[in-house]
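Topology and contacts: notes
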Amino acid sequence: MWKYIGTKECNDFLLSLKLFNCKDMKKYIKILYCISNKVENNYKIYKIKKKNGKYRTIYEPKPLLKHIQKQILINILNNKSISKHAKAYHKGISLKDNAIPHVNKAIILKLDIKNFFENISFLDIYDSSFSIEYFPKSVGMLLTHLCTYDEHLTQGSPTSAYISNLVMKDFDDILGAWCEERKISYTRYSDDMTFSGDFNPSEIIKKVKKMLNKLGLQLNKDKIHVVNKSSNQSVTGIVVNEKLQASSKYRKKIRQEVYYIKKYGLKSHLDNSKCKLDTSLYLKSLYGRILYVLQINNNDLEFKKYKQYILNLFRWNKC
């Protein structure tokens, strides 16, 4: 389709994408190529400490590149279909949707893909998202450059998450079909894969390793977890042993806070807990956490009462 397209037609095509506001066509094209040719200069890089003490590197695109990436996400990527087994990074899907398939199962196997974004290559991104099937080659290559850092995906870019789902689409579909034949539920939430049912975990691990190797990806050997029914089974933070439920620790903390507010009063509770938030922000935070519990299990009568109680506190304190 794009075999005989020329430079002018490619530039016209880029202009039609409206990646940022610029009425001067020459300036628009020049800016896009300037950014893509030195894309590493258009990121702010910093590290965030993880719970295990290690650090996660975040690549935050500078304002113009971030705007361009958002337009690529909205106008191009969101129009592409992903696997039904991918449960992250698209509208209408939540953590709850990732947990539902794994409720009340004999065994849960949780696997993690090592250095997921960093090992998704430039060619993987081009082939899955911007190939010549949909774009002139020069346009596709430019768009790929605009969505990468050092020729790989980054944590922090608006486009990275959805691109990862496109790269993994065939993997998810093939593995999902293999699991369905064996009555095993499979979902993937970014780099976290979850399997549930009655099965031999080593068989799945072997299958996944082989499939990931073909993509140049690896399992994280330190994050292989098999959880039996007799233990606390959670999927992306949601307990799934018998029904969907926020963790007991999470609910206990909220229950404790509501108890102290009722017993000592809101102001005394905030003073005693050395909370740095003002009354309004604290109540909004607590209310949000209660809504999260109810989002997972909207039949929780206890937390429905807490919800109404906090709403009344808002009125009394005129928050």
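Coordinates for the structure precede this section.
Thresholds applied
Residues numbered from 1 in each chain as written. Predicted model: local features only at pLDDT ≥ 70, side-chain atom pairs only at ≥ 80, totals over all residues. Heavy atoms only, no water. Helix = DSSP H or I, 4+ residues; strand = E, 2+ residues; numbered from the N terminus. Contact = heavy atoms within 4.5 Å. Areas by Shrake-Rupley, 256 points an atom, 1.4 Å probe, with all protein chains shown as cover. Lys, Arg positive; Asp, Glu negative; His and termini not counted. Charge placed at Lys NZ, Arg CZ, Asp CG, Glu CD. Buried < 20%, exposed > 50% of the residue type's maximum accessible area, 1.4 Å probe, protein only. Salt bridge = Lys/Arg side-chain N within 4 Å of Asp/Glu carboxyl O. Polar contact = N/O pair within 3.5 Å; in protein donor to acceptor, adjacent residues only side chain to side chain. Expected span 1.5 Å × (residues − 1). 1 Å grid on protein atoms, 1.4 Å probe; cavity = no way out; pocket = protein on both sides within 12 Å on 5 of 7 lines; lining within 4 Å. Points joined across faces, edges and corners; volume = space filled by probe spheres on them. Nonpolar A, V, L, I, M, F, W, Y, C, P; charged D, E, K, R; others polar. Core = buried A, V, L, I, M, F, W, Y, C linked by side-chain atoms within 4.5 Å. Pairing = 2+ DSSP bridges. Arc of directions from axis to C-beta.

Turning next to the overall build of the protein chain. The helix and strand tally for the protein chain stands at 13 helices and nine strands. Overall size of the protein chain, expressed as C-alpha extent along the three principal axes, is 75 × 55 × 35 Å. If you take every contact in the protein chain between residues at least 6 apart in sequence, the share linking residues at least 24 apart comes to 69%. Here the protein chain has roughly 18000 Å² of accessible surface; of this, 51% comes from carbon and sulfur atoms. A distance of 7 Å separates the average location of the 57 positive side-chain charges in the protein chain from that of its 29 negative side-chain charges.

This brings us to the side chain of Lys87. Within the secondary structure, Lys87 sits in the loop between helix H3 (63–75) and helix H4 (95–99). An unpaired buried charge is present at Lys87: no salt bridge exists, and Asp97, the closest side chain of opposite charge, is 6.1 Å distant. A distance of 3.0 Å separates a polar atom in the side chain of Lys87 from the backbone oxygen of Lys84.

Look at helix H8 (residues 169–181): 18 Å from first C-alpha to last across 13 residues, which is about the 18 Å you get at 1.5 Å a residue. At its buried positions, H8 is contacted by strand S4 (185–189), strand S5 (192–197) and helix H9 (201–214). Directly after H8, the chain includes Lys183, whose backbone phi takes a positive value near 60 degrees.

With that settled, the discussion passes to the layout of surface pockets. Estimates place the volume of the largest pocket at around 1500 Å³. Around the largest pocket, the lining comprises 37 residues; the ones closest to its centre are Arg56, Asp112, Asp191, Asp192 and Lys223. Listed by contribution, the elements that provide at least two residues to the lining of the largest pocket are strand S2 (55–61), strand S3 (107–112), helix H7 (160–167), S5 and strand S7 (234–235). Per-class residue counts for the lining of the largest pocket are ten nonpolar, 15 polar and twelve charged. Approximately 380 Å³ is the volume attributed to the second largest pocket.

One finds Ile72, Phe130, Leu143, Met193, Phe195 and Val208 to be the most contacted residues of the largest nonpolar core, which totals 60 residues. In terms of residue count, H9 provides more of this core than any other element does, five residues in total. Setting aside residues no more than four positions away along its own chain, Met193 makes contact with Leu109, Lys110, Leu111, Ile113, Phe171, Tyr186, Thr187, Arg188, Val208, Leu212 and Leu219. By size, the runner-up hydrophobic cluster in this structure holds 26 residues, among which are Ile254, Leu266, Tyr282 and Leu283.

Attention now moves to the environment of Lys44. Checked against the element boundaries, Lys44 lands in strand S1 (residues 43–49). Judged by its relative accessible area of 51%, Lys44 is exposed. Residues within four places of Lys44 in sequence aside, it is in contact with Ile58, Tyr59 and Glu60.

Taken in spatial order, the three strands make up an open sheet running S7-S8-S9, and their pairing is antiparallel. Two strands bound the open sheet, and with one partner strand each, they are S7 and strand S9 (245–246). Looking at chain direction, strand S8 (residues 238–239) and S9 are connected through two bridges and run antiparallel. Looking at S9, one finds that Val239 is bridged to Gln245.

Let us look at helix H5 (residues 122–129). Among the residues of H5, those classed as buried are Phe122, Ile125, Tyr126 and Ser129. Angular distribution of buried residues about the axis of H5 spans 100 degrees; they occupy a single face of the element. Contacts from the buried residues of H5 go to helix H6 (137–146) and H7.

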